[in-house]
Amino acid sequence: MHTHPGITPGIVRAIAVAIVVALVVPATVASASVSPTEDLAAQGAVFVPDAYEPDDRPDEAYAYDPSRDGNTFTSFRTFHGTDGVVADERDVVMVLADTAGTPIWIETAYLDGWYDTRVTVRDEVGTVLRVFDDNDFFRSTYSESAYFTAPAAGAYTVTVEDISGYPFAYELHITVGCARRVAGADRFATAAAVARLQWDNTANPYYGAGYGPQHIVVANGFNPADALGGGALAARLGGVLLLTETGRLPDATRDEIVRIAESRFWSYDDVTVHVLGGTAAVADAVISELEGIRYVSSVERIAGGDRYSTAAEIATVTSARVGVGTTAFLVNGSAWPDALAVAPVAAQEGAPVLMTLATVVPQVTLDWLKDHGVTDVVVVGGEGVVSAGVYESLDASYRMRRISGETRYETARAVAAYGVQACGMDGTLATLASGEEFADALAAAPIAWWTGAPLLLTRPDTLHPEVASYFDNARAIGQVAEDGIGCYVLGGPSAVSDTAYAAFRDLWRSFAP
């Protein structure tokens, strides 16, 4: 149980109006993943029982069967009660595992109320196998990411406990497999969903003051040029990357910025939005919309005359705010797959991502390298995207290295391997996105950096073999240390098909005992 001296329920209620939530999805369709705003109705100051009650004991629990319910079971739950008095202290779900080594990945996410959870996994006879408290991957939030591998086939009891002592509402995901899809209705909503995954607890009054990202990076969602260097910036700042149209701020983006900015309680004056690109990418009208959002303290445009100078400006801001090391990554400014793959690795190494043409290095890039103490340059991509002439022109001044493959998929795998071997990222984890469409991968860098899971790319229709081969060195997929975590797949079925997703989610079977 975590407490915050001086923060009482009365203070919290004076700051934020509690939303009372009722689950209206019947249990027969509970495995469908739907928006909380569609399923939870505000009803004053009471949290009413959810559709799964009573479920305080194993004999009352919903039996989640992946063969019937699908491999991710999403439900919206309450610990019900009135006026701060909780009448329901646990939710129990039975999970069926068909073989030894089956991953059971439990995630809780904040919806409303004074929130703190703990997850316990028991076997069929009630023996406690693991207890999980506070997500080790997202700055120790009061949500959980509990990754457990079943020691044998059978039924396992998952118990989620209310340890705040107050009623609240939360979202529960249980995945049988090593990966879960994170997606919205479009690219803007997907980026917002990724941001919420990182910072779901920002409105949780149990934290007290000032919890949430202080930096939000916004880029054009239809043109990746300016965002290619922005993912590493967002990650280094501990923030999120959201997407916009050129002339207007999409509702999903605005709503997520409002959620982040307005939920910082007493620390209202420290949310900075960094807009990437000039007015051709993000119009002044969008800047005005952002400046009009309450509790956004400042909006800063980071731009140059073209994508190369914008990348240099992003690197300069990164250096000024959080510092950079002596290594820089160099990518072709028109080869978005290579740039997106390297972004979380660059964040991990504390290095900027700069841009070049295929056959000549722009002067702005040369100047940045010279003026910022760079000693090592890592070129990403083969000679078709960054020529041998470019490499050789830099070789006299810098220690050079090239990371590449025959295809974008091989290059992404090579970059991921570099992230593991040279930067300490996790070889049992990966973040997966489409290698044919950039939109969902734009927001990948912060979440990939937070979890230590390099970005891999796949074809939309089928899982690319390079994805599976990435895990050959680790001979495992999914992190069971600490609370543990699986892998995230970014984007809906049009970006990563259900076939490709299922193949990725079931890769654990290749390494099962």
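Presented here is a report on the structure given in the accompanying data block. Remember, it's a predicted structure, so these values are computed and weren't measured experimentally. (Residues numbered from 1 in each chain as written. Predicted model: local features only at pLDDT ≥ 70, side-chain atom pairs only at ≥ 80, totals over all residues. Heavy atoms only, no water.)

## Regarding the side chain of Thr458
Then, in step 1: By the secondary structure assignment, Thr458 is in strand S23 (residues 455-458).
Then, in step 2: Of note is the side chain of Thr458, whose polar atom sits 3.1 Å from the backbone oxygen of Thr462.
Then, in step 3: Polar contacts involving the side chain of Thr458 include one to the main-chain amide nitrogen of His464, which spans 3.0 Å.
Then, in step 4: Other than its neighbours up to four places away in sequence, Thr458 contacts Tyr409, Leu432, Ala433, Ser434, Gly435, Glu436, Leu463, His464, Val467 and Val496. (Helix = DSSP H or I, 4+ residues; strand = E, 2+ residues; numbered from the N terminus. Polar contact = N/O pair within 3.5 Å; in protein donor to acceptor, adjacent residues only side chain to side chain. Contact = heavy atoms within 4.5 Å.)

## Comments concerning helix H6 (residues 251-261)
Then, in step 1: Listed as buried for H6 are Thr253, Glu256, Ile257, Ile260 and Ala261. Buried positions in H6, seen along its axis, are confined to an arc of 125° and lie on one side of it. Pointing more than 90 degrees away from the buried face of H6 are the exposed residues Asp251 and Asp255.
Then, in step 2: Check the buried side of H6 and you find it contacts helix H4 (187-198), strand S14 (215-220), strand S15 (240-244) and helix H7 (284-291). (Buried < 20%, exposed > 50% of the residue type's maximum accessible area, 1.4 Å probe, protein only. Arc of directions from axis to C-beta.)

## Re the side chain of Asp200
Then, in step 1: Note on placement: Asp200 falls in the loop between H4 and S14.
Then, in step 2: In this structure the side chain of Asp200 is engaged in a polar contact, spanning 2.7 Å, whose partner is the side chain of Ser143.
Then, in step 3: Residues contacting Asp200, with those up to four places away along its chain left out, are Thr108, Ala109, Tyr110, Tyr115, Thr141, Ser143 and Arg259.

## Describing the pattern of salt bridges
Any two side chains of opposite charge can pair, so long as their charged atoms come close to each other.
Then, in step 1: Overall, the coordinates contain 18 salt bridges when judged by the stated rule.
Then, in step 2: Measuring nitrogen to oxygen at the nearest pair gives 2.9 Å for the salt bridge that ties Asp69 to Arg68.
Then, in step 3: Owing to a relative accessible area of 51%, Arg68 belongs among the exposed residues under this scheme.
Then, in step 4: Note that Glu161 and Arg118 form a salt bridge whose closest N and O atoms lie 3.3 Å from each other. With a gap of 43 residues between them, Glu161 in strand S11 (residues 154-162) and Arg118 in strand S8 (residues 117-122) connect regions that are remote in the sequence.
Then, in step 5: Connected via shared salt-bridge partners are Arg57, Asp59 and Glu60. (Salt bridge = Lys/Arg side-chain N within 4 Å of Asp/Glu carboxyl O.)

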